[in-house]
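# Structure at a glance
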Amino acid sequence: MSNEKKETKHKLRLATLVTQAGRAPFDHFGFVNPPIYRGSTVLFPTVAALEGLRQPYTYGTKGTPTTRALEQAWSEIAGAVDTVLTPSGLAAIGLALLTATHAGAHALIADSAYQPTRIFCDGLLKRFGVNVEYYDPLIGGGVATLMRPETTAVLVESPGSQSMEVQDVPAIAAAAHAHGACVIADNTWATPLLFPPHERGCDLAIEAGTKYLAGHADLLIGLVSANAKWAKRLRATFNAFGMGSSPDDASLALRGLRTMALRLREQERAALDIAQWLQDRPEVSRVLHPALPTHPGHELWKRDFNGASGVFSVILKDVSKKAVAAVVDGLELFGIGFSWGGYESLVLPFDCASYRTATRWAPEGPALRFSIGLEDVADLKSDLAAGLGRLKVS
Ligand SMILES: *Cc1c(COP(=O)(O)O)cnc(C)c1O
């Protein structure tokens, strides 16, 4: 952590790395955390320095010591060559897709991708001449059959948003790379702590830092990390946008980073406990959680992931929408809202049927997505038991 100790003798484990990465206290009078640098203009001492642009910081949009500390920490944690920050996770998705496509290109997008990703693809990307095609997330290496000479990007998101399909990312990456395409992963659910994206073959990895990195539902931030092949192109696209992120948000995200491993471990434990308990409830038809052996993606998850986060879904028995509302509206500890990954538990009724195009979403009953927070599991179960009791399923 001191500047001299930067070359560590051992490869640090990730839970240690989140406490160490991106810090250089003796650059800042020994203060443990990097300070918040606010600034647009950066002064050059001489005309020669200005012409060379060789100082570490040149203008606010290109980064400050605060934002760079987060970028560097994330690169270390993700096993990436470079990372850029964006004002939201969705902005990170747009930036990654624009880095890997051009007019006339063909992009393959997992049908289970985050819905706003589809809105970006179907609106903006198509308008700029990119041919967007959705594919079955369970296609695996079969994605080779969809590759065209002009395919430049394949987007994976595993597990899929809401529906939780686990993708064979290494097989998809191998097929995409055989055709020279860039593999983009939306790795928000797992974070690099639970799925090392670049080690698994992804070129660009997106994290909605809004979720587990921030961890407290109090900021929006996105990150795109890149391997050696794509780092330059990513940085150039980022610079073209002037998409500077706030140093205050970067500082809050760095603070979140220091407890991220701890929070994820606890949320994994609590979510799995609740998922197992829900599986045995008479009101529940299926629990979609990849760490459950009953999940169709369980074997792939075991092979490729180092754990599970706190988000999973549930398919209820066939009951009315009104009955589901009665369950959800009466919950005291679960908020109804978008986003997830904070310390507070959330629940969201969802239905993917209206926007999936390559696959059919037709479960046997209504679906709920849960994000488990840091409350006591016994309190959460009591709340859910009272809620499910309102369904009166025998
Ligand atoms: C929330 C989310 C995003 C977007 O993050 P924002 O910061 O809310 O824009 C992207 N991908 C996934 C999988 C998400 O769940």
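Quick summary incoming for the structure in this document.

Calculation notes
Residues numbered from 1 in each chain as written. Predicted model: local features only at pLDDT ≥ 70, side-chain atom pairs only at ≥ 80, totals over all residues. Heavy atoms only, no water. Pairing = 2+ DSSP bridges. Helix = DSSP H or I, 4+ residues; strand = E, 2+ residues; numbered from the N terminus. Contact = heavy atoms within 4.5 Å. Axes fitted to C-alpha atoms, helices over the stretch in contact; angles between N-to-C directions. Salt bridge = Lys/Arg side-chain N within 4 Å of Asp/Glu carboxyl O. Buried < 20%, exposed > 50% of the residue type's maximum accessible area, 1.4 Å probe, protein only.

The strand order β8-β9-β12-β11-β10 describes an open sheet built from five strands, whose pairing is mixed. A strand with exactly one partner marks an edge of an open sheet, and here the two such strands are β8 (284-288) and β10 (335-336). As judged from the four bridges shared by β8 and strand β9 (residues 311-316), these two strands associate in the antiparallel manner. Each residue of the ladder has a partner; that of Arg 286, found in β9, is Ile 315. Helix α9 (residues 247-279) contacts β8, β9 and β12 (367-371) of the sheet and is inclined by roughly 10° relative to β9.

Side chains that carry opposite charge are capable of pairing whenever their charged atoms lie near each other. Enumeration over the complete set of coordinates arrives at 16 salt bridges. Here Asp 111 and Arg 118 are joined by a salt bridge, their closest N and O atoms 2.8 Å apart. In this structure Asp 111 comes out as buried when scored by relative accessible area, which is 0%. Residue Arg 118 is classed as buried on the basis of its relative accessible area of 4%. The residue Arg 356 makes a salt bridge to Glu 165 at a minimum N-O spacing of 3.4 Å. With Arg 356 in the loop between β11 (346-350) and β12 and Glu 165 in the loop between β4 (151-157) and α6 (169-178), the pair connects residues that are 191 residues apart, well separated along the chain. As far as burial versus exposure is concerned, Arg 356 and Glu 165 are alike and both buried. One connected set of salt bridges, linked through shared partners, spans Glu 71, Asp 82 and Arg 235.

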